[in-house]
Structure formats: structure tokens, C-alpha cells
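Chain by chain, the residues run as shown.
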Amino acid sequence: MLDIKKLRENPDEIARRLSTRGNKYDLQGVLALDQERRHLQAETEKLKNERNTASKEIGRLKKTGQDTGAMQESVRKIGERVAEIDAELKALEQRQHEKMLMIPNLPHASVPVGTSEADNRFVRAWGKPREFSFTPAPHWDIGARLKILDFERAARLSGAGFSLFRGAGARLERALIQFMLDLHTSHHGYTEISPPFLCNADAMTGTGQLPKMAEDMYRLADEQLYLVPTAEVPVTNIYREEIISEPLPLSFVAYTPCFRREAGAAGKLTRGLNRLHQFDKVELVRIVEPSNSYEAHEQIVANAETVLQKLGLPYRVIELCTADISFAAAKCYDLELWAPGQNTWLEVSSCSNFEDFQARRAGIRYRNADGKVEFVHTLNGSGVALARLYVAILENYQEADGSVVIPEVLRPYMGGIERISPPA
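What counts and what doesn't
Residues numbered from 1 in each chain as written. Predicted model: local features only at pLDDT ≥ 70, side-chain atom pairs only at ≥ 80, totals over all residues. Heavy atoms only, no water. Axes fitted to C-alpha atoms, helices over the stretch in contact; angles between N-to-C directions. Helix = DSSP H or I, 4+ residues; strand = E, 2+ residues; numbered from the N terminus. Parallel < 35°, antiparallel > 145°, perpendicular 65-115°, else oblique. Left-handed = near helix turned anticlockwise from the far one by under 90°. Nonpolar A, V, L, I, M, F, W, Y, C, P; charged D, E, K, R; others polar. Polar contact = N/O pair within 3.5 Å; in protein donor to acceptor, adjacent residues only side chain to side chain. Pairing = 2+ DSSP bridges. Contact = heavy atoms within 4.5 Å. Phe/Tyr/Trp six-rings, centres within 6.5 Å; stacked < 30°, edge-to-face > 60°. Buried < 20%, exposed > 50% of the residue type's maximum accessible area, 1.4 Å probe, protein only. Core = buried A, V, L, I, M, F, W, Y, C linked by side-chain atoms within 4.5 Å. Salt bridge = Lys/Arg side-chain N within 4 Å of Asp/Glu carboxyl O.

### A word on the packing of helix α3 (residues 27-63) against helix α4 (residues 69-101)
Between two packed helices, what matters for the description is the angle formed by their axes and the separation of those axes.
Point 1. Between α3 and α4, whose axes approach to 9 Å, the crossing angle comes to 155°. By the angle class used here, α3 and α4 are roughly antiparallel. In the packing of α3 onto α4, the handedness of the crossing is left-handed.
Point 2. Its residues assigned to classes, the contact of α3 with α4 comprises 15 nonpolar, seven polar and 15 charged.

### Topic: helix α6 (residues 151-158)
Point 1. Where α6 starts, the residue carrying a side-chain oxygen 3.4 Å from the main-chain nitrogen of E152 turns out to be D150.
Point 2. One or two positions beyond α6, positive phi appears at G159, with a value near 100°.

### Focus on the sheet that holds strand β5 (residues 242-244)
Point 1. Across the sheet, three strands lie side by side as β5-β11-β12; this open sheet has mixed pairing. The open sheet terminates on both sides in strands that have one partner only, identified here as β5 and β12 (373-375). Pairs of neighbouring strands in the sheet enclose a mean axial angle of 40°, with direction left out of account.
Point 2. As defined by bridge partners, strand β11 (residues 364-367) adjoins β12 across three bridges and the pair is classed as antiparallel. Considered in β12, the bridge of Y366 is made with E374.

### Examining the packing of helix α7 (residues 168-186) against helix α10 (residues 293-310)
Point 1. Put simply, α7 and α10 touch, their axes get as near as 11 Å, and they point 130° apart. Classified by the angle their axes make, α7 and α10 are oblique. As α7 packs across α10, the resulting crossing turns out to be right-handed. Side by side, α7 and α10 meet where F179, M180, L183 and H184 of the first sit next to N303, T306, V307 and K310 of the second.
Point 2. The class makeup of the residues in the contact of α7 with α10 is four nonpolar, three polar and one charged.

### So, the packing of aromatic side chains
Point 1. Considering all chains together, one arrives at seven aromatic pairs under this definition.
Point 2. Aromatic side chains W126 and Y315 sit 5.8 Å apart centroid to centroid with 15° between the ring planes, which places their arrangement in the stacked category. Taken as a pair, W126 in strand β1 (residues 121-126) and Y315 in strand β8 (residues 315-319) lie far apart in primary sequence, 189 residues in all.
Point 3. The partly exposed category is assigned to W126, whose relative accessible area is 33%.

### Topic: the nonpolar core
General note: in soluble globular proteins, nonpolar side chains tend to be found buried as a group.
Point 1. Counting 58 residues, the largest nonpolar core has L176, M180, L308, L311, L389 and Y390 as its most contacted members.
Point 2. The residues touching L308, leaving out its near neighbours within four places in the chain, are W126, L313, Y315, L335, L337, V348, V384 and L389.
Point 3. L101, L106, I325 and A328 belong to the second-largest nonpolar core, a separate cluster that totals 21 residues.

### What about the pattern of salt bridges?
Point 1. Applying the stated criterion across every chain, the model contains 22 salt bridges.
Point 2. Taking the shortest distance from any N to any O, the salt bridge between R166 and D150 comes out at 3.7 Å. Note that R166 is positioned in the loop between α6 and α7 and D150 in the loop between α5 (139-146) and α6, a separation of 16 residues in sequence.
Point 3. Classification of R166 by relative accessible area gives partly exposed; the value is 41%.

### Focus: the environment of D222
Point 1. Tracing the sequence through the fold places D222 in the loop between α8 (201-206) and β4 (225-227).
Point 2. When the C-alpha positions of D222 and A362 are compared, they lie 24 Å apart, and in sequence the two are 140 residues distant.

Quick look at the structure:
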């Protein structure tokens, strides 16, 4: 959520920066409600002062035996008006809050201005795409041949957009989760969290999924609980409505399944594991002091890159432009893996700095060196998402005989298995 004080003081600058996102937002409506709210606030404070003064005078007059009936009636009427204004203020504040929730974060000054993903900026690449002596197959063909992926039966169970892993394929998924958790906790200094997979509306609102992206969420019909779209939601909200007493920075890593309707994903790569309604992910979350957040942002990106480097997978880092960053992000990098069986790059991680946007929505604060209470900065990044990582391993490590070589770092988690071969 934006700082209403900054919006009040710099409406034109904030409007200019938001315009680079490519949409229009009702800033004037917010400011009009804010002005009306402040006017009523001043009126009620004035009336309360008058009531307090009159009450003291009534007490003094009663001690001298004087009639205070008229003054008491005046105080009663003041009280009625104060109650009316308080009700109006509550309604105004709610309307203003609802409008503010629909306004996205301000893009950081360093974010490239653009109108679509075509304007995203290439940052760097690692690894060289493998040259094959045969035509590389897509992962859905590889998985079917090895009998480790079964999309047909998954569809019978749950419909399109779900997957079923079997045998060594299921073990490979588990190995990837364990490998990433071990890497981030043992080598990158993150504390592991095992959070709930269901969150309430307040938590979803705190990180920015609600109300803007409600159509992409799965909600339990009889309760105001949502299946988590990412571990970002429960982990960031651990400190919702708190002043953090622990020293900053805080660094957390969590594995969760992720559930998304993908209501706005029509026309994008959807076959196989490319885009699912349920997938596994290891998420990195950092809570830091504002002065350190962009250094922490680069560190999260580096931590996610280490996963890909240790797996020997070629990837590239892309800085998203103003039109392509998420609703809550001030700046974002995407990591994209090369998928040779599809001849395309697939996003496997988004690493975002939200500055104080989520902290304002969720009420997450800390005391600075001077003891003043301020909002923290929050960051997260996929460390990384399983489905497309799995895709990249199958497609990059496939062999001409139909087998798939297991990356060396995963073999201890696979019981020493070096490759998955087609059944005899």
C-alpha cells in the first residue's frame, strides 16, 4: 500500500510513476476522500475539545450550586454530533482503504520503462545451451517414455492443469525440494519454515494477492480461507500487525505446494508442466531494514542462481520493465531456464523487492537505531519453482537412448541413481 502522506504531498509525481505501468488509477478519488476525512477529523476534534471544556465548566458550576441544565443539553448534542461524525469517518476510512488497496506499488527509479514484456532488459546469462546430436524431445514425451509423468490420469483425477509423478519421477521431485532446502539453510543462512497451506483473507491482502487477484485464488466455499498461491503469503505474514523485536534482517525459506487458477494465463505455454494449477515451490523471503533492501534483493537473486548453477542448467536473468512487474513489486528480476525440447526460455523464479508496500498493508514494523517505529521492507524470490525446474532437467539432461541423466548434486538424494532409463 502506498504512503498516503507521500501521495498527498506529491500527487503528480506518483501519478507519473504509476502511469509507466500502463494503467490508470483513481488517485484523485483517494485524495478527495482523504480531504473529506481530514475535514471531518478536524471537526470532531474541535467538538471533542468543546465538550471537554464544557464538561469541566459544568463540574465547576455544580459545585457552586448553579443551574447547568442548558449546558448539559448542549454537551449532549455535541456528543450526538461526534457520534455521527465518527460513523461517517469510519465509512470514509473504509472507502479510502478499499481504493488504496487497488493501487499498485511504485516502480523503482531504476526499473526500465516499457509497455510490454518485450521491453524487459537482459541482465546476464550463465551456461551454454547444450548442442544435441539428436532432436531433443519435450518433457511430456520424455516423461511418458520413462513412465515418470502421467498427465492423462492426473486429468482424470483433477482436470487439466495438474500433474502426477510416478516412481523415480516422484523421487526426483522430492530430491529437488530437499536439495534446495538444504542449500538455502546450510549455505545461504535461511531459517526453514513449514507454514500452513491455507491462509485467511487478511494474510492474502497483506501480501497483495487480494483484492486485485481474487480470480486467480482458490477459496474454500464455506470458509474465508484460501489455498496459498506461494509460500510468500504465510511466511511474510508471520509478523503481520507486529513490531518485530528480533534483529533484522530475517531470512526464511519454505517449501509449499502452490495453488493458482491461472485465470489470466490464456494463450501462454500451457502443455505438460509448463503451467499448472498446483505445483511445488521453494520460496525465499527476507524482511530487512529499508536501507539494506536493494542489497538484499541482489542477494536473493544470487541465491536462486546458485540453485541453477549447481544443477548445471543454462539460464538468463531478466529485469522486468514497468509494465511487466507484479502489482506489489517495486523491482523484479526473472530467472529463465533454457528448455531445448521446446526451444524456449521458461521463467523459473521471480525475485522481487516490495519496499514497504506489503509491510504497510500487513502492519509489519520495527524500531530503527533511534528507537523510532518504521515499516520494514519485504522481499521474496522463488528458490526455485519445481515444475519448470523439472522440465529443464528432463529436457537438458536427456540422452539419445531415451534416458535422463541425474545431475550430480541430486544423486545423494536419489539413493545414488545416476540416470532414469526407459523400462525394459
